[in-house]
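# A look at the structure
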Amino acid sequence: MNSSKKVVPEAKSALDKFKMEVANEVGVNLKDGYNGDITAREAGSIGGQMVNLMTPQQQWKFQRTNRNVNGHMMDINFTMVVGL
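Just so it is clear, the model here is predicted, and its values are computed rather than measured. (Residues numbered from 1 in each chain as written. Predicted model: local features only at pLDDT ≥ 70, side-chain atom pairs only at ≥ 80, totals over all residues. Heavy atoms only, no water.)

### Comments concerning the overall build of the protein chain
Within the protein chain, the regular secondary structure consists of 2 helices and 2 strands. Walking the protein chain from its N terminus toward its C terminus, one meets helices and strands in the order α-α-β-β. The buried share among the 84 residues of the protein chain stands at 14%. When the accessible area of the protein chain is evaluated, it comes to approximately 7000 Å², of which 53% is carbon and sulfur surface. (Helix = DSSP H or I, 4+ residues; strand = E, 2+ residues; numbered from the N terminus. Buried < 20%, exposed > 50% of the residue type's maximum accessible area, 1.4 Å probe, protein only. Areas by Shrake-Rupley, 256 points an atom, 1.4 Å probe, with all protein chains shown as cover.)

### Quick look at the pattern of salt bridges
On inspection of all chains with the given rule, the structure shows 2 salt bridges. The partner of aspartate 16 in a salt bridge is lysine 12, and the shortest N-O contact between them spans 3.2 Å. Taken together, the positions of aspartate 16 and lysine 12, both in helix 1 (residues 12-26) and 4 residues apart, correspond to about one turn of that helix. Classification of aspartate 16 as partly exposed rests on a relative accessible area of 31%. The residue aspartate 37 makes a salt bridge to lysine 31 at a minimum N-O spacing of 3.1 Å. Exposure remark for lysine 31: the relative accessible area of 35% places this residue in the partly exposed category. (Salt bridge = Lys/Arg side-chain N within 4 Å of Asp/Glu carboxyl O.)

### So, the packing of helix 1 against helix 2 (residues 40-54)
At a minimum axis distance of 9 Å, the contact between helix 1 and helix 2 shows a crossing angle of 110 degrees. Between helix 1 and helix 2, the interaxial angle falls into the category roughly perpendicular. Considering the relative orientation of helix 1 and helix 2, their crossing is right-handed. For the pair helix 1 and helix 2, contact is made by Leu15, Phe18, Lys19, Val22, Ala23, Glu25 and Val26 and by Ser45, Ile46, Gln49, Met50, Leu53 and Met54, respectively. Each residue belonging to the contact of helix 1 with helix 2 can be placed in one class, and the counts come to 9 nonpolar, 2 polar and 2 charged. (Axes fitted to C-alpha atoms, helices over the stretch in contact; angles between N-to-C directions. Parallel < 35°, antiparallel > 145°, perpendicular 65-115°, else oblique. Left-handed = near helix turned anticlockwise from the far one by under 90°. Contact = heavy atoms within 4.5 Å. Nonpolar A, V, L, I, M, F, W, Y, C, P; charged D, E, K, R; others polar.)

### Describing the side chain of asparagine 35
Within the fold, asparagine 35 resides in the loop between helix 1 and helix 2. One polar contact links the side chain of asparagine 35 to the main-chain carbonyl oxygen of lysine 31, over a distance of 2.7 Å. In contact with asparagine 35, other than residues within four places in its own chain, are Asn29 and Leu30. (Polar contact = N/O pair within 3.5 Å; in protein donor to acceptor, adjacent residues only side chain to side chain.)

### Focus on the nonpolar core
Residues Phe18, Val22, Ala23, Val28, Leu30, Ile38, Ile46 and Met50 constitute the largest nonpolar core, which totals 8 residues. Here alanine 23 is in contact with Val28, Leu30 and Ile46, once residues within four sequence places are set aside. (Core = buried A, V, L, I, M, F, W, Y, C linked by side-chain atoms within 4.5 Å.)

So, in structure tokens, the structure goes:
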């Protein structure tokens, strides 16, 4: 698949609006058109925050053996919250 081809072309305006809102939220002065004056760190903060807001909370549950006691299993719940 060509990476420059938009999967849903109609979503471009919605993503552009979302990007502008996120840029405002993280304090980056993003404008329509050319933005060559922003740093890579600022651009990355916009993209990173967009991913954080689009990614749901994830939760994993697994067991691990307690090495201090033979045969003893310990439940561990790990929750990773992405976003706000």
